Amino acid sequence: MSWGTELWDQFDNLEKHTQWGIDVLEKYIKFVKERTEIELSYAKQLRNLSKKYQPKKNSKEEEEYRYTSTRAFLATLNEMNDYAGQHEVISENMTSLITGELTRYVQELKQERKSHFHDGRKAQQHIETCWKQLEASKRRFERDCKEADRAQQYFEKMDADINVTKADVEKARQQAQLRHQMAEDSKAEYSSTLQKFNSEQHEHYYTHIPNIFQKIQEMEERRIVRIGESMKTFAEVDRQVIPIIGKCLDEITKAAESVDHKNDSQMVIEAFKSGFEPPGDIEFEDFTQPMKRTVSESSLSNSRGDGKSEPKFGGKSKGKLWPFIKKNKSPKQQKEPLSHRFNEFMTSKPKIHCFRSLKRGLSLKLGAGPEDFSNLPPEQRRKKLQQKVDELNKDIQKELDQRDALTKMKDVYIKNPQMGDAASVDHRLSELAQNIEKLRLEVQKFEGWLAEVEGRLPARNEQPRRQSGMYEPQNPSAVNSCAQDRESPDGSYTEEQSQETEMKVPATDFDDEFDDEEPLPTIGTCKALYTFEGQNEGTISVAEGEMLYVIEEDKGDGWTRIRRNEDEEGYVPTSYVEVYLDKNAKGAMTYI
């Protein structure tokens, strides 16, 4: 089956068909190009998606990825990056193996096709020229034959006429013979031309055209084979990355199977455990006997009278009510104005110190954290201190590594002076020694705090110790820990701890100095910029736009002491009010 023999007369149709084949190839190239663009776009979107959900460095999100579920999610994000990389590989391979190769092949195919059809047209023109020559020879032979017949008829007519001279007859005879000779010559030429044309025509249709059409057929078959191979390559490129994509999916499955709900639950305990014990039972307070003291006051006076100090952590003492419930106040306390209880709280020096500790705790709750993390519950404080110690030890190790490297460099310089000046590293070694000493002092400081916290935390095999235990007055840390012992896990304070502090601190004659203390003078006015709900002891609630008197300016802890009237005064955040101090007041300035 050959185009040269079967399609010898379909030159124009073959030309159209081969052009259509090139168009199909170019269409396939365009399809592959768009596929590669889609793969690149998909890979880019996958990478952006993975990057979007990656934890930000040095942020709270980074701490959340210590759980097995979040670590599995992080592994999924990383595998999605590799998954996107395989789609980029698909795009690159299709571009190099299919698009690039086919584009070059199309250019070569166009040149080959042009050459073949040029040869075909040239053969067509040659056979057409031969045909024209045959037609011209044929017409000339026909014309000469007709002229010879007319010349013969004219001679016969002249020969039969008796009135014609012999010379005229001879002339006509000679003319007829000449015409007959010309006809014979034309016949011979026509015969020769016809034989030549037949030979050329046979050569054209049985040799030249079949050869040209055979080349065109081979060219078209190569094109078909090439596009088939490209389609196979198209599938192979995808198949090559399937094992790697399968590994990515296997890793995601492995990460999902590594999720351990029990481990995550334990980590939640470790992350949020405060170290405090649950509150104990609330004891009954008998209000039928007005002069009878509460159970806590009686136990305090009994311990003083007997000269025996109550254990530091009493198992039966009144427990803390936070963080779940608030203590119900007695009817007397509910009717008593806040300012009276505030003034009563301020009538002893130890209470003033504890109230300032209360202010410090409230300011810490608003964002300022102490260096020793004393604003945190014991368990969380221990973890923070341990983390700080580990970080400092890592910094020390880095400094030691640098010092060792510089020492080795100095030894090399001493042995080989041409490589450098040994004295040039002395300054840096001195700086490293100072840094190491500072870091070690910091480690000692934090380890001291850590040892203090670990000493306070209850052991698992010991009897639970209560936070409401009484501290010895001789202990120098008793006052400093006042605010700390009254902090709830969220940094808030309860009224009960204030009362417990009042019971724990022994009354002294020095307290009488504050009984008749004159109220603080007014040093200015202020306007409430926002509404503030004073829910803690020592604070006062204000409404937006309310005008009040300032009796004590901000001491740097973020709180300003104000007064509404003779009976109502307390602290509010400085940022919640606009203060206008009197010009004559000492250290007067305006806070906005």
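Residues numbered from 1 in each chain as written. Predicted model: local features only at pLDDT ≥ 70, side-chain atom pairs only at ≥ 80, totals over all residues. Heavy atoms only, no water.

Draft legend 1. Summary view of the overall build of the protein. Scanning the protein for helices and strands turns up 14 helices and five strands. Within the span of the protein, comprising 592 residues, buried residues form 35% of the whole. In the protein, of all internal contacts separated by at least 6 residues, the share reaching a separation of at least 24 is 73%. About 37,700 Å² of surface is accessible on the protein, with carbon and sulfur atoms providing 52% of the total. (Helix = DSSP H or I, 4+ residues; strand = E, 2+ residues; numbered from the N terminus. Buried < 20%, exposed > 50% of the residue type's maximum accessible area, 1.4 Å probe, protein only. Contact = heavy atoms within 4.5 Å. Areas by Shrake-Rupley, 256 points an atom, 1.4 Å probe, with all protein chains shown as cover.)

Draft legend 2. Structural view of the pairing of strand S5 (residues 577–581). The element S5 is extensively covered by neighbouring structure, given that four of its five residues are classed as buried. Where strand S1 (residues 524–528) meets S5, five bridges bridge the pair, whose relative direction is antiparallel. Paired with Thr525 across the two strands is Tyr580, which belongs to S5. (Pairing = 2+ DSSP bridges.)

Draft legend 3. Focus on the packing of helix H2 (residues 11–52) against helix H5 (residues 166–257). Where H2 contacts H5, the two axes come as close as 11 Å, and the packing angle between them is 15 degrees. In terms of axis orientation, H2 runs roughly parallel to H5. Of the two elements, H2 crosses H5, and the hand of that crossing is left-handed. Looking at the contact of H2 with H5, its residues break down into 15 nonpolar, four polar and four charged. (Axes fitted to C-alpha atoms, helices over the stretch in contact; angles between N-to-C directions. Parallel < 35°, antiparallel > 145°, perpendicular 65-115°, else oblique. Left-handed = near helix turned anticlockwise from the far one by under 90°. Nonpolar A, V, L, I, M, F, W, Y, C, P; charged D, E, K, R; others polar.)

Draft legend 4. Spotlight on the sheet that holds S1. Strands sit in the order S4-S3-S2-S1-S5 across an open sheet of five strands; the sheet is antiparallel. Strands with a single pairing partner mark the edges of an open sheet, and in this sheet they are strand S4 (569–573) and S5. The mean angle between the axes of side-by-side strands here comes to 40 degrees, regardless of whether they run parallel or antiparallel.

Draft legend 5. Broad picture of a nonpolar patch on the surface. Residues Leu49, Tyr53 and Phe73 make up a contiguous nonpolar surface patch of about 280 Å² in total accessible area. Considering the arrangement of structural elements, one finds Leu49 in helix H2. A relative accessible area of 44% means that Leu49 is categorised as partly exposed. (Patch = residues over 30% accessible without salt bridge, like charges linked within 9 Å, V, L, I, M, F, W, Y side chains within 5 Å. Salt bridge = Lys/Arg side-chain N within 4 Å of Asp/Glu carboxyl O.)

Draft legend 6. Looking closely at the pattern of salt bridges. All told, the structure shown has 23 salt bridges when counted by the stated rule. Between Glu101 and Arg104 there is a salt bridge, with its nearest N and O atoms 2.5 Å apart. Residue Glu101 and its partner Arg104 are located together in helix H4 (residues 68–160), separated by three residues, close to a single helical turn. Glu101 gets classed as partly exposed once you look at its relative accessible area, which sits at 31%.

Draft legend 7. Representation of the confidence of the model for the protein in the model. The share of residues in the protein with pLDDT of 70 or more is 73%, and the mean pLDDT across the chain is 76. Model confidence for the protein, summarised as mean pLDDT per element, is weakest for helix H13 (residues 477–485) at 37 and strongest for H2 at 94. Across residues 458–516 the pLDDT falls below 50, and counting only partners more than four positions away or on other chains, this stretch makes 138 contacts in the model. Confidence drops under a pLDDT of 50 for residues 586–592, and excluding neighbours within four residues, the segment shows 16 contacts in the predicted structure. (pLDDT = per-residue confidence, 0-100.)

Draft legend 8. Fine view of the nonpolar core. Ranked by internal contacts, the top residues of the largest apolar core, which has 31 residues, are Leu25, Tyr28, Met94, Ile98, Phe213 and Ile216. Only H2, H4 and H5 provide two or more residues apiece to this core. The dominant element in this core, judged by the number of residues it contributes, is H4, at 11 residues. With near-sequence residues (within four places) excluded, Met94 lies in contact with Val32, Arg35, Thr36, Thr99, Phe234, Val237 and Asp238. (Core = buried A, V, L, I, M, F, W, Y, C linked by side-chain atoms within 4.5 Å.)

Draft legend 9. Representation of the side chain of Thr68 in the model. By secondary structure assignment, the location of Thr68 is in helix H4. A distance of 2.7 Å separates the side chain of Thr68 from the side chain of Asp264, its partner in a polar contact. The residues touching Thr68, leaving out its near neighbours within four places in the chain, are Ser258, Val259, Asp260, Asn263 and Asp264. (Polar contact = N/O pair within 3.5 Å; in protein donor to acceptor, adjacent residues only side chain to side chain.)

Draft legend 10. Structural context of helix H6 (residues 261–272). For H6, built from 12 residues, the straight-helix expectation of 16 Å at 1.5 Å per residue is met to within 8% by its first-to-last C-alpha distance of 17 Å. Where H6 is concerned, the buried positions are Asp264, Met267 and Ala271. With its buried residues spanning 55 degrees around the axis, H6 presents them on a single face. Elements that come into contact with the buried residues of H6 comprise H4 and helix H11 (378–415). (Expected span 1.5 Å × (residues − 1). Arc of directions from axis to C-beta.)

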